[in-house]
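The primary structure of each chain is shown beneath.
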Amino acid sequence: MKQPAVVAGAGVIGLTVACKLQESGRYSVVVVGENAPGELPTGEKQSTKWASPWAGAHWRAWASNQDTTLQEMEIKTYRAMMSIAANVSEAGIHVAQGIDLFEDLPEEKPWYISMVNDGVELPVESLPENVMYGVQYSTLLIDVPKYLNYLSTRFKSLGGTVVKKHIDHILDATQYADSEQNTMVIVNCTGLGSHTLGGVCDQAMYPSRGQTLLVKAPDAKRTITRLGKQFGYIIPRGNDTVIIGGTTDKNQWKCEPNALITDTIISRALNLEPSLLPVDARVLDKDAQVQALKKNIISVNVGLRPMRDGGVRLESESMRTAENGKVVVVHCYGHGGFGYQSSLAYADKVYDLVNAAVF
């Protein structure tokens, strides 16, 4: 008999974990989440507190040169997603040129440049004004709505079930498991929800508000990130639309878009990539260029990244239900802005933790 397991949270981490557990053949998995991929009624948007649908997303290393644990998660996911990009067209993952620009000269070469495909340092003379260092490499663009739907569809095709339901306490998830089993398994992938979720209430969790724009820009094909005071990024989605951003507002819970921030995002994005505009608009003066790109805005987005002091919480613990039933809870949350680019490797780690606790 398969071991029942409940994954709390239907974002990219929760769905990736659910697929990993379900495809093993050892587990019968139910995903429970207040939010989940799928069509919404006309005029409605996904909750800003559900981080996954608001991501860019692309693969760009978040780990520092000293953080070898996160390095492992990121490069393992990079390689796995390269395979998905080559073999699974419906996943919405594409290979593209990536450029990282540093306003401050790094003390040492970024760790990832020797591990990704086609990684090179950019000539100093090619760098934009006030940029001290740059690298170029082959990276991955992730069409977020398409990828989330792919994960959800794949999970269901493997026999998994998704339930859209809010839970107040982590042990509330046990009602979706087979109570006849001696041990219940819950995987907590609730992201920022772990800040207030009963039985967890992790005060190390906090939001980082991110405002971005989705624009129509069919000529933009590469992803560019500038790190420093003029922080900004461009992430094509492979369907003639581009995410441009953004902000990283620590401990900011407000989800209303800010018009001044929108103007700043557009101005910085145009400095990074003139091809966001049609050829005939690139000769306009700067103010006219900003207005031209404004006309191509599809949506202004605000999401909250699930940040955590101390990094990702990845561990298991034992709990008891009110009926004294044993529950194994594996926590995997707090991925901040690197959820997509580390998701597949973290799912492997969760799988190992669940197996060690149950078998």
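For the structure itself, look to the data block above.
Residues numbered from 1 in each chain as written. Predicted model: local features only at pLDDT ≥ 70, side-chain atom pairs only at ≥ 80, totals over all residues. Heavy atoms only, no water.

## Quick look at the packing of helix α1 (residues 12-23) against helix α6 (residues 339-358)
Between two packed helices, the angle of one axis relative to the other and the distance separating the axes together describe the packing. As a reminder, the rule being used: Between the N-to-C directions of two axes lies an angle of 0 to 180 degrees, each axis being a line fitted to C-alpha atoms and, for a helix, fitted only over the stretch in contact. Counting from the N terminus, the helices are DSSP H or I runs at least four residues long and the strands are E runs at least two residues long. Each angle receives one of four descriptions, namely roughly parallel if under 35 degrees, roughly antiparallel if over 145, roughly perpendicular if within 65 to 115, and oblique otherwise. Throughout, a crossing is termed right-handed when the near helix is turned clockwise from the far one, and left-handed when it is turned anticlockwise from it by less than a right angle. Here, two residues are considered to be in contact whenever any of their heavy atoms come within 4.5 Å of each other. Here the term charged refers only to Asp, Glu, Lys and Arg, the term nonpolar to Ala, Val, Leu, Ile, Met, Phe, Trp, Tyr, Cys and Pro, and the term polar to all other amino acids, Gly among them.
Orientation of α1 relative to α6, taken along the N-to-C sense of each, is 45°, at an axis distance of 8 Å. The angle between α1 and α6 places the two elements in the oblique class. Two packed elements cross with a definite hand, and for α1 against α6 that hand is right-handed. Taken together, the residues of α6 that come into contact with α1 (itself represented by Val12, Ile13, Thr16, Val17, Lys20 and Leu21) are Gly339, Tyr340, Ser343, Leu344, Ala347, Asp348, Val350, Tyr351 and Val354. Tallied by class, the residues present in the contact of α1 with α6 amount to ten nonpolar, three polar and two charged.

## Some points on the packing of aromatic side chains
We apply this condition: Ring geometry is summarised as follows: Phe, Tyr and Trp rings, the Trp one being its six-membered ring, pair when their centres sit within 6.5 Å, and such pairs are stacked at plane angles under 30 degrees, edge-to-face over 60 and tilted between the two. With a 1.4 Å probe rolled over the protein chains alone, any residue whose accessible area is under 20% of its type maximum counts as buried; one over 50% counts as exposed, and the rest are partly exposed.
Per the stated rule, a full pass over the model turns up eleven aromatic pairs. Relative to Phe338, the ring of Trp62 lies with its centre 5.6 Å away and its plane at 55°, an arrangement referred to as tilted. Placement of the pair is Trp62 in the loop between β2 (27-33) and α2 (68-87) and Phe338 in the loop between β15 (326-333) and α6, with a sequence separation of 276 residues. Using a relative accessible area of 7% as the deciding quantity, one classes Phe338 as buried. Note on Tyr112 and Tyr137: the rings are 5.5 Å apart at their centroids and 70° apart in plane angle, and the pair reads as edge-to-face. Here the residue Tyr112 occupies a position in the loop between β3 (93-102) and β4 (120-121), and Tyr137 occupies one in strand β5 (residues 133-142), the gap between them amounting to 25 residues.

## Section: the environment of Ala80
Positionally, Ala80 belongs in helix α2. Residue classification places Ala80 among the partly exposed residues on the basis of a relative accessible area of 30%. The spatial distance from the C-alpha of Ala80 to the C-alpha of Leu344 is 7.4 Å, given a sequence separation of 264 residues.

## Side note on the nonpolar core
We count it as follows: By convention a nonpolar core is built from buried Ala, Val, Leu, Ile, Met, Phe, Trp, Tyr and Cys residues, the set being connected through side-chain atoms within 4.5 Å.
Ranked by size, the top nonpolar core spans 60 residues in total, and within it Val7, Val17, Leu21, Tyr112, Tyr147 and Val187 carry the most contacts. Considering each element in turn, this core owes the most residues, eight residues, to α6. Contact partners of Leu21, with chain neighbours within four places excluded, come to Val7, Tyr27, Val29, Val187, Tyr351 and Val354.

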